[in-house]
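# Coordinate analysis (summary)
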Amino acid sequence: MKLAGKRFRPAIESPYRWRDWAAKPDGITGDELIKFVNNDEAIGPDGEKGPGLFAYLRSLQGANGGDRRDVIATVFRGTVNRMINGYLLRDVVNKVHGIHFSSSDEIHTLGHLYESMLKEMRDAAGDSGEFYTPRAVVRFMVAVTDPRLGGTLLDPACGTGGFLVEAFSHLEKQCKTVQHREILQTRSLIGGEAKSLPYLLAQMNLLLHGLETPQIDPLNSLRFPLKEIGDKDRGDIILTNPPFGGEEERGILSNFPEDKQTSETALLFLQLIMRKLRRPGAHPGMGNLKSQISKGGRAGVVVPNGTLFGDGVCARIKEELLKDFNLHTIVRLPNGVFAPYTGIPTNLMFFDRSGPTKDVWYYEQPLPEGRKNYTKTQPIQFDEFADCIAWWNKRKENDRAWKVPAADILKNSCNLDIKNPRSKVDFEHLPPEVLAEDILRKEEKICDLISQIKKLLGEGR
């Protein structure tokens, strides 16, 4: 600040700074502490009357918008203190004060605690169609899309901010100058999350990982008419796992073209993503980095199997995707990647705005040898994507990868649910009459074994 010739203004003024009311172990406690924290107006630790702590923090406002005061106000808006005993609250404050935030070990422990909170969030989330994306899948999608500094990365359904945090780490490695860091901090990552608790956690998640002023929209990303979204609203990369299985209200549906209105949230988000991808060509603010990201926007989206084979509105959206976008890759994930939240088979769909689709590459991600499923305690690992990442830029057809002309898909009612032509014959894919015969044969064998056991038991008496 001194070099810039500006007067330093702390984000939080006295007597609301930690050192003013919390740092002394024998500081205010009991009812006095509760009133200071909870009430709109209270006697502060300096003996003066003024706004209570939470009321003050909610009222903070940045000088030009978008600084730390706005973030703090956003975090505390809608937050209430659930502790009613001021003496217990003092004990908690003293414990927190004992943490050495300059110690990497203690920060690691704090980070682990925060990760546990996020995990508990994920466990309770499935009812609303929100299935939190496994970290390995997030890392894979960021790795293959390779966001470049200078572009804008969007996640319109960001949940607790997993894609944004991973992208922040990815972009941070590209920062070589102060200007690069400013770009990263101020105009690289944008999210949207309509649910209050994930929204709050996304803010915290990004702050803890080093993004000083997260730009997270707290309202429904689908609330804008699609036709009103213009170039200024578009992004260079969109990575997201939109809710699937959820439904939107009628008012939201009217924001979409009449022939593509559907109550299925995932399909509405897919249309939003297609609309918000930047068109080919440079844009203001790209500076010296324009050559890297001027080929149009790119997207990676988690979609359920139903999106691949869906007809009607779903088929019309996919027709637009194939004709107006380059749907270049679909990674078919193995069973149980989203276990235990849902057993719905899922896929990763990658497309860009470089032109119409010529061919769609499919890659069948296998389960580890000897495994039949993923579970809550044994989730998918990032290392398992190593072969797919190696294949990504040197594509050849093999036992896991195959290519289908877009023209064939369009002729087949835009059905993208195309199986691996080289996969082994799977039990579940056998014709019904063969399955029935196989089941009958096994039942007969079981009956025969039970008869033998019964006979042996009779002989033993």
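Residues numbered from 1 in each chain as written. Predicted model: local features only at pLDDT ≥ 70, side-chain atom pairs only at ≥ 80, totals over all residues. Heavy atoms only, no water.

Two numbers describe how helix H2 (residues 30-38) lies on helix H5 (residues 86-97): the axes approach to 7 Å, and their chain directions differ by 75°. Classified by the angle their axes make, H2 and H5 are roughly perpendicular. Where H2 approaches H5, its residues Gly30, Leu33, Ile34 and Val37 are matched on the opposing element by Gly86, Tyr87, Leu89 and Arg90. Residues that form the contact of H2 with H5 fall into these classes: five nonpolar, two polar and one charged. (Axes fitted to C-alpha atoms, helices over the stretch in contact; angles between N-to-C directions. Helix = DSSP H or I, 4+ residues; strand = E, 2+ residues; numbered from the N terminus. Parallel < 35°, antiparallel > 145°, perpendicular 65-115°, else oblique. Contact = heavy atoms within 4.5 Å. Nonpolar A, V, L, I, M, F, W, Y, C, P; charged D, E, K, R; others polar.)

Moving on: the nonpolar core. As a rule of thumb, soluble globular proteins bury nonpolar side chains together. In terms of nonpolar packing, the biggest core is built from 45 residues, with Phe140, Met141, Leu189, Val331, Leu348, Phe350 and Trp392 touching the most fellow members. Put simply, the parts of the chain that give this core at least two residues each are helix H7 (135-145), helix H8 (162-172), helix H9 (178-187), helix H10 (196-208), strand E6 (237-240), strand E9 (346-352), strand E10 (359-364) and helix H16 (386-392). A per-element tally of this core places H7 first, with seven residues. Ignoring sequence-local partners within four residues, the contact set of Val331 consists of Phe140, Asn347, Leu348, Phe350, Tyr363, Gln365, Cys388 and Trp392. Counting residues in each nonpolar core, the second largest holds 29 residues, with Leu277, Val303, Ile330 and Ala406 among its members. (Core = buried A, V, L, I, M, F, W, Y, C linked by side-chain atoms within 4.5 Å. Buried < 20%, exposed > 50% of the residue type's maximum accessible area, 1.4 Å probe, protein only.)

Our focus in this paragraph is the pattern of salt bridges. It is possible for side chains bearing opposite charge to pair when their charged atoms get close. Evaluation of the coordinates by the stated rule reveals 16 salt bridges. The closest approach of N and O atoms between Glu172 and Arg181, which form a salt bridge, is 3.8 Å. The partner of Arg234 in a salt bridge is Asp231, with the nearest N and O atoms 2.4 Å apart. When salt bridges that share partners are traced, they join Asp231, Arg234 and Arg279 into one network. (Salt bridge = Lys/Arg side-chain N within 4 Å of Asp/Glu carboxyl O.)

Strand pairing in a sheet relies on backbone hydrogen bonds, with the paired strands running either antiparallel or parallel. Here we have nine strands laid out as an open sheet, ordered E5-E4-E3-E6-E7-E9-E8-E10-E11, and mixed in their pairing. Edge positions in the sheet fall to strand E5 (215-217) and strand E11 (401-405), since each of these pairs with one other strand and no more. Looking at each pair of strands side by side, their axes are set apart by 20° on average, direction ignored. Judged from the three bridges that link them, strand E3 (residues 153-155) and strand E4 (residues 189-192) form a sheet pairing that is parallel. Looking across to E4, one finds that Leu153 is bridged to Leu189. This element, H7, spans E6, strand E7 (298-304), strand E8 (326-332) and E9 of the sheet and lies at about 20° to E9. (Pairing = 2+ DSSP bridges.)

A word on the packing of aromatic side chains. What the rule picks out here adds up to 14 aromatic pairs. Residues Phe54 and Phe76 carry aromatic rings whose centres are separated by 5.2 Å and whose planes lie at 65° to one another, so their mutual orientation is edge-to-face. Of this pair, Phe54 sits in helix H3 (residues 53-58) while Phe76 sits in helix H4 (residues 68-76), placing them 22 residues apart in sequence. Taking the relative accessible area as the measure of exposure, Phe54 reaches 12% and is therefore buried. With centroids separated by 6.2 Å and ring planes inclined at 85°, the aromatic side chains of Phe140 and Trp392 adopt a geometry described as edge-to-face. Of the two residues, Phe140 sits in helix H7 while Trp392 sits in helix H16, which places them 252 residues apart along the sequence. Pair check on accessibility: Phe140 and Trp392 agree, each one buried. (Phe/Tyr/Trp six-rings, centres within 6.5 Å; stacked < 30°, edge-to-face > 60°.)

Further remarks concern a nonpolar patch on the surface. Together, Trp18, Val92 and Val96 make up an exposed nonpolar region whose accessible area comes to about 220 Å². Since its relative accessible area comes to 32%, Val96 is described here as partly exposed. (Patch = residues over 30% accessible without salt bridge, like charges linked within 9 Å, V, L, I, M, F, W, Y side chains within 5 Å. Areas by Shrake-Rupley, 256 points an atom, 1.4 Å probe, with all protein chains shown as cover.)

Okay, the packing of helix H12 (residues 265-276) against helix H15 (residues 313-324) next. Where H12 contacts H15, the two axes come as close as 11 Å, and the packing angle between them is 20°. The angle between H12 and H15 places the two elements in the roughly parallel class. Here H12 runs over H15; the crossing is left-handed. Side by side, H12 and H15 meet where Leu267, Leu270, Gln271 and Met274 of the first sit next to Cys314, Ile317, Glu320 and Leu321 of the second. Grouping the amino acids of the contact of H12 with H15 by side-chain chemistry returns six nonpolar, one polar and one charged. (Left-handed = near helix turned anticlockwise from the far one by under 90°.)

Of note, the bond from Ser14 into Pro15 is cis; its omega dihedral lies within 30 degrees of zero at 5°. Mapped onto the elements, Pro15 comes out in the segment before helix H1 (18-21). Even without a glycine there, the phi angle at Asp146 is positive, about 50°. Relative to the assigned elements, Asp146 resides in the loop between H7 and E3. Notably, Ser413 is not glycine yet its phi reads approximately 60°, a positive angle. Positionally, Ser413 belongs in the loop between helix H17 (406-411) and helix H18 (432-459).

Scope: geometric values only; no functional claims are made or implied.
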